[in-house]
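Now for the letters of each chain:
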Amino acid sequence: MSSAPSTAAVSTASDESSVSQQRLVRTEIPGPRSREIHERRRAVVPPGVHSVLPVYIERAHDAILVDVDGNQIIDVCGGIGVMTVGHTDDRVVAAAADQLGRVTHTLFTMTPYEPYVEVAEHLAKHVPGSTVAAPYKTLLMNSGAEAVENGVKIARKYTGRPGVAVLEHAYHGRTLLTSSMNHKAAPYALGYGPRVGDVYKAPNSYPLHDGLSGAEAAARTIAFLEKQAGAADLACLVVEPIQGEGGFIVPADGFLPALADWCRENGVVFIADEVQAGMARTGTVFSIEQFGVQPDIVLSAKGIAGGLPLAGITGRAEIMDASQPGGLGGTFGGNPVSCAAAVAVFEQIEELDLLAEAQRIERVFGAGLRELQQRFPAIAEVRGRGAMLAIELTRPGTLEPDADLVARVMDEAAQRGVLLLSSGVHNQAIRFLPSLKMSDELIADVLSVLEEAFTAAS
Ligand code: PLZ
């Protein structure tokens, strides 16, 4: 149990008077001060690192971002699914500050510390398939891409095979291996070649577009894996149970269990990449639980540590134990401050029943989005689970993606102080990743802005 700091003097944004939980548009967006900083940035930061909305943020609390011009923006992205417990959450800030003043860094592979073990214990408690008698084991790293890299390494070591299978529409990161695993070459892999070999992209299940049942889609995927990848050469199949960057695609019922069964029968390690969907966001700690699958390895990052960098690779002991001492790790992997923050997140998932909060958000936000769909026929589908929801926009009467409309709606919403994000390999969807603590009132405000934005953009 992490306690509140006794001596650390921490300046936080949690004081209600400093960041009220409301939208406030004081200037055009981006405002003059943001534009000024943006000019400085352009001189010293390369354009390869792009910002969706170049509004410079000075403070944030819970669901509100305050920019340098004093605008208060409702954050419906949470730094892409990171702020599950809200920005500058009091308990995360207190736990991290306390740890910061005790031990900031030793390197776990030099001299270890307890918070790392605590995080591994929390993960073992929540991964489906892990039991008290035979818990799954965890390696901690820094980022989602590192989680994927290490999941693949560990699966290769265990199986002695090279092949890595992924699904179309997947996103797994920006390192050299993971950028070869993404569906989109542009912008992620373009010009950074040669791409990593032995990566096979199998068809996914995308019910709105393929119209296939889970069994049919799985049969198609498995046929690809057997014929084009070759089961005996495959170390792992890496799957996002709900595809994140791909457009919050929820696979048809039965698709994931059929793939998991096939993996088991063929000695292929089934890796659930829960970097975006995990950590309570979908109404279960890991979304794979809702599909009735026990993964061999689960990857977490983003929401795990309340905004501090941390990633977990959690797998069956037999698989995790196959790596030799010294084969796994990294200087900052499982940093103590990040671990202390993660413990404060896990405690809140349990104590505040954040799983129920995710379900509340699905009910309230989902209902509002479906009402919007009645009014705007460009919304072809409302989908997702818990606080991981999306709308896909198409040209009415067709399934052709309407990325222009997505961009216009996002722009209109930004002008009104709501930060949205697109998703999908054609930027055909708008995704919503609110904090699990976002109030019904703020959700209602976001929905009213969406309605105005659609009206203005249509
Ligand atoms: N796996 C499923 O969603 C990161 C990318 C944001 P890192 N997705 C957001 C951006 O523009 O860089 C992601 C993911 C899934 C892996 C990753 C990679 O996680 O922490 O960004 O490395």
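Please read these numbers as outputs of a predicted model, since none were measured by experiment.

Moving on, we come to the overall build of the chain. Looking only at helices and strands, one finds 14 helices and 15 strands in the chain. Its C-alpha radius of gyration of 22 Å places the chain within 12% of the 23 Å reference for a compact globule of 458 residues. Seen through its C-alpha atoms, the chain measures out along the principal axes to roughly 60 × 60 × 45 Å. In the chain, once contacts between residues fewer than 6 apart in sequence are set aside, the share between residues at least 24 apart is 75%. Surface accessibility of the chain: about 18500 Å² in total, with carbon and sulfur atoms responsible for 53%. Averaging the coordinates of the 37 positive side-chain charges in the chain and doing the same for the 54 negative ones gives two points 4 Å apart.

Taken domain by domain, the chain comprises domain 1 (32–75 + 354–457) and domain 2 (93–351). Relative to domain 2, the C-alpha centre of domain 1 lies at a distance of 26 Å. On the side of domain 2, 27 residues touch domain 1, which itself brings 28 residues to the contact. For the pair domain 1 and domain 2, the two sides together bury roughly 2300 Å², of which 58% comes from carbon and sulfur.

All chains considered together, the criterion is met by 6 aromatic pairs. Judged by centre distance (6.4 Å) and plane angle (70°), the ring pair of Tyr113 and Tyr116 falls under edge-to-face. Residue Tyr116 is classed as buried on the basis of its relative accessible area of 8%. When the centroid spacing of 5.0 Å and the interplanar angle of 40° are considered together, the rings of Phe365 and Phe432 count as tilted. Of this pair, Phe365 sits in helix H12 (residues 354–375) while Phe432 sits in strand E15 (residues 429–432), placing them 67 residues apart in sequence. Grouping residues by exposure puts Phe365 and Phe432 together as buried. Among the aromatic residues, ring-to-ring pairing joins Phe108, Tyr113 and Tyr116 into one connected group.

What follows concerns the site of the ligand. Around the ligand sit 14 residues, and of these Gly144, Ala145, Arg174, Asp273 and Gln276 come closest. Between the ligand and the protein, one listed contact pairs an oxygen atom with a side-chain N or O atom of Gln276 at 2.7 Å. A distance of 3.0 Å is found between a nitrogen atom of the ligand and a side-chain nitrogen or oxygen belonging to Lys302. Within the complex, the protein chains bury 80% of what would otherwise be the 500 Å² of accessible surface of the ligand. Of the residues in the shell around the ligand, the class split is 4 nonpolar, 5 polar and 5 charged.

The subject of this paragraph is a nonpolar patch on the surface. A cluster of nonpolar side chains, namely Val44, Val45 and Val49, defines an oily patch on the protein surface of about 260 Å² accessible area. Within the secondary structure, Val49 is located in the loop between helix H1 (32–44) and strand E1 (57–61).

One pass over the structure, following the stated rule, counts 24 salt bridges. The partner of Arg360 in a salt bridge is Asp440, with the nearest N and O atoms 2.6 Å apart. With Arg360 in helix H12 and Asp440 in helix H14 (residues 440–457), this pair connects stretches of sequence that are 80 residues apart. Two residues, Glu392 and Arg383, come together in a salt bridge whose shortest N-O distance is 2.8 Å. What makes Glu392 buried here is its relative accessible area of 1%. Three or more residues joined by partner-sharing salt bridges are found here, namely Arg91, Glu347 and Glu351.

On to the environment of Tyr136. Mapped onto the fold, Tyr136 is located in the loop between helix H4 (114–126) and strand E4 (137–141). Once the C-alpha coordinates of Tyr136 and Met320 are considered, the two residues, 184 residues apart in sequence, prove to be 8.3 Å apart. What Tyr136 contacts, discounting residues up to four positions off in sequence, is Ala124, Val127, Pro128, Gly129, Ser130, Pro295, Asp296, Thr314, Gly315 and Arg316.

The next thing to look at is the sheet that holds strand E7 (residues 234–239). With mixed pairing, the 7 strands of this open sheet are ordered in space as E4-E10-E9-E8-E7-E5-E6. Edge positions in the sheet fall to E4 and strand E6 (199–202), since each has one partner strand and no second. Across the sheet, the axes of successive neighbouring strands diverge by a mean angle of 20°, strand direction being ignored. As defined by bridge partners, strand E5 (residues 163–167) adjoins E6 across 4 bridges and the pair is classed as parallel. From the neighbouring strand, Ala165 faces E6, where its bridge partner is Tyr200. Lying over the sheet, H4 contacts E4, strand E9 (297–300) and strand E10 (311–315), oriented at roughly 125° with respect to E4.

Structurally, Pro401 can be placed in the loop between strand E12 (388–393) and helix H13 (403–415). By relative accessible area, Pro401 is classed as partly exposed at 29%. C-alpha of Pro401 to C-alpha of Val196: the two residues are 205 residues apart in sequence and 30 Å apart in space. The contacts of Pro401, once residues within four sequence positions are left out, are Leu393, Thr394, Arg395, His426 and Gln428.

Bringing the packing of H13 against H14 into the picture now. H14 packs onto H13 with a crossing angle of 125° between their chain directions and a minimal axis gap of 8 Å. Classified by the angle between their axes, H13 and H14 sit oblique to one another. The handedness of the crossing between H13 and H14 is right-handed. Along the contact surface, H13 presents Leu405, Arg408, Val409, Glu412 and Ala413, while H14 presents Val449, Leu450, Ala453, Phe454, Ala456 and Ala457. A class-by-class count of the residues in the contact of H13 with H14 yields 9 nonpolar, no polar and 2 charged.

Thresholds, definitions, all that
Residues numbered from 1 in each chain as written. Predicted model: local features only at pLDDT ≥ 70, side-chain atom pairs only at ≥ 80, totals over all residues. Heavy atoms only, no water. Helix = DSSP H or I, 4+ residues; strand = E, 2+ residues; numbered from the N terminus. Rg over C-alpha atoms; globule rule 2.2 N^0.38 Å. Contact = heavy atoms within 4.5 Å. Areas by Shrake-Rupley, 256 points an atom, 1.4 Å probe, with all protein chains shown as cover. Lys, Arg positive; Asp, Glu negative; His and termini not counted. Charge placed at Lys NZ, Arg CZ, Asp CG, Glu CD. Domains from an automatic or database assignment. Buried area = accessible area lost by both parts, 1.4 Å probe. Phe/Tyr/Trp six-rings, centres within 6.5 Å; stacked < 30°, edge-to-face > 60°. Buried < 20%, exposed > 50% of the residue type's maximum accessible area, 1.4 Å probe, protein only. Near = heavy atom within 4 Å. Polar contact = N/O pair within 3.5 Å; in protein donor to acceptor, adjacent residues only side chain to side chain. Nonpolar A, V, L, I, M, F, W, Y, C, P; charged D, E, K, R; others polar. Patch = residues over 30% accessible without salt bridge, like charges linked within 9 Å, V, L, I, M, F, W, Y side chains within 5 Å. Salt bridge = Lys/Arg side-chain N within 4 Å of Asp/Glu carboxyl O. Pairing = 2+ DSSP bridges. Axes fitted to C-alpha atoms, helices over the stretch in contact; angles between N-to-C directions. Parallel < 35°, antiparallel > 145°, perpendicular 65-115°, else oblique. Left-handed = near helix turned anticlockwise from the far one by under 90°.

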